[in-house]
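These are the residues of each chain, in order.
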Amino acid sequence: MELNIPEGNSVGTTGGASIRSGARVAGLLGMVLAPIGFSVLFLSCTRLAYMLWHYERVAATGQAGFILLQGLRFDLVLMALLMIVPVSLAPLFLTHTRLFRVWRPMMLGYATFCFVFICFMELATPSFINEYDSRPNYLFIEYLQHYREVGATLLLAYPQQLLAGGLFVPMLGWLHLQAHKRLLVWHRPLHWATALLLVPLLFSGLLMAARSTLDHRPVNPATVAVTSDHLVNELPLSSAYTLLYAIYQSRYDEAGGRPYGDLPAEKVIEVVRRESHISPMRFVSTRYPTWHRQQSTREQKKPLNLVIILEESLGAEFVGKLGGLPLTPNIDRLAEEGIWFDQLYATGTRSVRGIEAVTTGFLPTPSVSIVKQSKAQHGFFTLAGYLKQYGYETGFVYGGESHFDNMRGFFMGNGFDYVIDQADYEDAVFTGSWGVSDEDLLNKADAQFRSRADDQPFFALVFTSSNHSPFEYPEKRIEQYDAEVHTVNNAVKYADYALGKFFETAKLSPYWHNTVFVVIADHNSRVYGDSLVPIHRFRIPGLILGGTIEPDVIEVQASQIDIPPTLLSLLGISGVHPMIGRDLTVPANRFGPGRSIMQFYDTQAYREGDDVVVLRTDMPPLFMTYKDNVLIEAQQAKQSLLEKALAHSLFAQLAYRDRLYPQQIAQ
């Protein structure tokens, strides 16, 4: 739209002299703030839609009004952050025709880009909530790095959402552009003195809107975390905000994340050592405080092989033996032949968390897993590196692309001799979005184990993937549990089928009698619920079996980090290492309440029996009781439990930051 002022005229020279300065300023504010109002209106509508979608959960908290009011507040925070620079500088560009003609298309393009980004994030939110019961966070960024797997998953699992997004996002962007073409017009040039006065006023006003408080710290997601329902706490936020905040928070990754509180380092080490149930006499270093000598409780005539089968997304609700659906007849049957863990809990909600716990015994942190952290890419302690000292050949067997989640990089830098991934399967029976089927994977693993020399023990981590959305598996293998083919229940049943076939073959192999096998889930399929930490969704199956393993049931509450030291005893290996998990072959560790540590996005729960402490960033800890699969407020605050929770969280950050978890130390 053309301006009705002569080319080259500037404010105060010609035209507009009769128009009051206040009217010009009001016109300026209306023009430059229009994109903010447009986006806030859109976000308010989508928020209301999500509240109606989850009406029962919102109504149960009684916070509907709070969500809407705080939602408006945080939408203004987001828009102030996005628009502070172009809006604050706008007065300078409105002092001259040519300057305005430069600023106008840049403002149109930038404002439309921001609006399209906001629309995209909001329209992507329902699928993310369905999967993670959360608004988009750092997982959204991580998965975008793996476009092949994620693209195939989206096409197969969410075709309607993709189509809707492909139609509505461009349409909304076009409407925004057309509307603001008519809004971004200017017939009343400003005097330069007025412009210079408005720039700091606009900047300071938007800065205050972005902070949204006069307190020492600006508002953040903790400001609206007033209920025990994680999703309801996030409804006042927009998905663009939660994603950008996750990117902002990632600057703490190299420090192991933001701490949940403070304890002196000496106290942290004292508590962590004590709670590991390791005799003080066994610790061997002051520089590396958790390094200790573990004495195996079993004697073996020769080193046993170790095979860890990490089952993708296998939560307790899918396992008949754990009171779940009747989808795992093979696991249920094999549980009677080995050591079964009745109360085993994952440390997180991602595969890399399971890998982190099971292969390194490392505690979870508020940051991303050490599998992806720079200081852990070489010389970090792993079972593979440890067993190499005893002559083991070590490897990772996977059916997908091993660069996913940096697995190959982490493994090859930390003691693994080889990696087998999708490129190594020449005649796969079935290949899906996430790689070859579990049958192909386990057949490959069996062939690999049979090819090993009898005089060299081996360790292998075998990671399945068939039970991953979009839940693809070969036809005519199972009797479907659900009528629809590609469901999690059917995929679990297929994964169990493939596992059963593998053990039928393995029991007839020459390696069966001198191998310890572990079947354990990396995490649950979907960790969600109306609780700050849905603890029941962290419960997973765990089974140890093999030719030397006698049937047993471990009933004490246990964590994934307890698995590695337990395995070392079953292998008959004594030595020095830094893992603080409890060796559950030691009778004394089978008594008492047990403990588990669970990282749920930026929240961590420390559970001992039914007592739970929930740690949150920038917020006081919550003392809870776990009863009937629900967290309720505890009648009494147990400070000793808080000390344990803080110590374990802080030690993980300390150990990563100061490199206290190396593969080897001088003794």
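To keep things clear, this report deals only with the structure shown in the data block.

What counts, and where the lines are drawn
Residues numbered from 1 in each chain as written. Predicted model: local features only at pLDDT ≥ 70, side-chain atom pairs only at ≥ 80, totals over all residues. Heavy atoms only, no water. Helix = DSSP H or I, 4+ residues; strand = E, 2+ residues; numbered from the N terminus. Buried < 20%, exposed > 50% of the residue type's maximum accessible area, 1.4 Å probe, protein only. Pairing = 2+ DSSP bridges. Axes fitted to C-alpha atoms, helices over the stretch in contact; angles between N-to-C directions. Core = buried A, V, L, I, M, F, W, Y, C linked by side-chain atoms within 4.5 Å. Contact = heavy atoms within 4.5 Å. Polar contact = N/O pair within 3.5 Å; in protein donor to acceptor, adjacent residues only side chain to side chain. Expected span 1.5 Å × (residues − 1). 1 Å grid on protein atoms, 1.4 Å probe; cavity = no way out; pocket = protein on both sides within 12 Å on 5 of 7 lines; lining within 4 Å. Points joined across faces, edges and corners; volume = space filled by probe spheres on them. Nonpolar A, V, L, I, M, F, W, Y, C, P; charged D, E, K, R; others polar. Patch = residues over 30% accessible without salt bridge, like charges linked within 9 Å, V, L, I, M, F, W, Y side chains within 5 Å. Areas by Shrake-Rupley, 256 points an atom, 1.4 Å probe, with all protein chains shown as cover. Salt bridge = Lys/Arg side-chain N within 4 Å of Asp/Glu carboxyl O.

1. As for unusual backbone geometry
Glycine aside, a negative phi is what most residues show, and trans is what most peptide bonds show. In this structure, P470 follows S469 across a cis peptide bond, with omega equal to 20°. With respect to the helices and strands, the residue P470 is situated in the loop between β8 (458-463) and α18 (488-506). If you check the backbone angles, K476 has positive phi at about 60° while not being a glycine. By the secondary structure assignment, K476 is in the loop between β8 and α18. A positive phi angle is found at N629, which is not glycine, with a value near 65°. Following the sequence through the fold, N629 ends up in the loop between β17 (619-627) and β18 (630-633). In this structure N629 comes out as partly exposed when scored by relative accessible area, which is 47%.

2. What to know about the pairing of strand β10 (residues 539-546)
The buried fraction of β10 amounts to eight of the eight residues, a majority that puts the element mostly inside the structure. Covered by surrounding structure in β10 are R539, P541, L543 and L545 together with I540, G542, I544 and G546, the residues of both alternating faces. Pairing of strand β3 (residues 339-345) with β10, which is carried by five bridges, proceeds in the antiparallel orientation. Each residue of the ladder has a partner; that of W340, found in β10, is L543. Alignment of strand β9 (residues 515-521) against β10, held across five bridges, turns out to be antiparallel.

3. Comments concerning the sheet that holds strand β16 (residues 611-616)
Sheet strands pair via backbone hydrogen bonds, and the direction of the pair is either parallel or antiparallel. Read across the open sheet, the five strands follow the order β14-β15-β16-β17-β18; overall the sheet is antiparallel. The open sheet is flanked by β14 (596-600) and β18, the only strands paired with a single partner. When the angles between neighbouring strand axes are averaged without regard to direction, this sheet yields 30°.

4. Some thoughts on the nonpolar core
A general feature of soluble globular proteins is that nonpolar side chains tend to end up buried together. Formed by 121 residues in total, the largest nonpolar core has its most connected members in L306, I308, F459 and F503. By residue number, the principal contributor to this core is helix α20 (residues 639-657), which donates eleven residues. Of all hydrophobic cores here, the second largest spans 62 residues; its members include M83, W186, A210 and Y601.

5. Details of the environment of K321
Within the element layout of this structure, K321 appears in the loop between β2 (305-311) and α13 (329-334). With residues near it in sequence (within four places) discarded, K321 still touches D332, A335, E336 and W340. Side-chain polar atoms of K321 contact the side chain of E336, separated by 2.5 Å.

6. Section: α20
Relative to the 27 Å expected for 19 residues at 1.5 Å per residue, α20 spans 27 Å between its end C-alpha atoms, a close match to the ideal helical length. Most of α20 is tucked away, with 15 of its 19 residues classed as buried. In the segment just after α20, R659 is the residue with positive phi, at about 55°.

7. Let's talk about empty space enclosed by the protein
The gaps left among the atoms become clear once a water-sized probe is rolled over them. Across all of its chains, the model carries three cavities of 30 Å³ or more by this definition. Considering only enclosed or pocket space, the largest cavity measures out at about 90 Å³ in volume. For the lining of the largest cavity, the elements supplying multiple residues, two or more each, are α6 (138-144) and α14 (351-360). Taken together, the residues that form the lining of the largest cavity break down as four nonpolar, five polar and three charged. As for the second largest cavity, its lining consists of F430, G432, S433, W434, G435, V436, S437, S465, S466, H468, F471 and E472. Tallied by class, residues from the lining of the second largest cavity come to four nonpolar, seven polar and one charged.

8. Considerations on a nonpolar patch on the surface
Where nonpolar side chains cluster on the molecular surface, the patch consists of L123, L163, L167, F168, M171, W174 and L175 and spans about 700 Å² of accessible area. The leading source of residues in the nonpolar patch is helix α8 (residues 159-183), at six residues. By secondary structure assignment, the location of F168 is in helix α8. For F168, a relative accessible area of 40% translates into the label partly exposed.

9. A look at the pairing of strand β15 (residues 603-608)
Within β15, six of the six residues are buried, which leaves it mostly tucked inside the rest of the structure. Burial of the side chains of β15 extends over both faces: T603, A605 and R607 are buried on one face and Q604, Y606 and E608 on the other. Pairing of β14 with β15 involves five bridges; the strand directions are antiparallel. Across the sheet, the residue bridging to M598 is A605, located in β15. Taken together, β14 and the strand that follows it, β15, pair antiparallel across an intervening segment of two residues, in which Y601 is found at a positive phi of about 55°. By the bridge criterion, six bridges tie β15 to β16 in an arrangement that is antiparallel. Opposite R607, over in β16, you have V612 as the bridge partner. Taking the residues that link successive antiparallel strands as the turn, the β15-β16 hairpin has two residues, and the phi of G609 there is positive, at about 65°.

10. Considerations on the pattern of salt bridges
Across all of its chains, the model carries 31 salt bridges by this definition. Note that R47 is salt-bridged to D75, the shortest N-O span being 2.8 Å. Of this pair, R47 sits in helix α2 (residues 34-53) while D75 sits in helix α4 (residues 64-93); the two residues are 28 residues apart in sequence, bridging distant segments of the chain. For the pair shown, R47 and D75 are each scored as buried. As a salt-bridge pair, D417 and K388 come within 2.5 Å of each other at their nearest N and O atoms.

11. Notes on the environment of P136
Position of P136 relative to the elements: it lies in the loop between α5 (97-132) and α6. Classification of P136 as buried rests on a relative accessible area of 0%. Discounting chain neighbours no more than four positions away, the residues touching P136 are M121, T125, F128, S239, T242 and L243.

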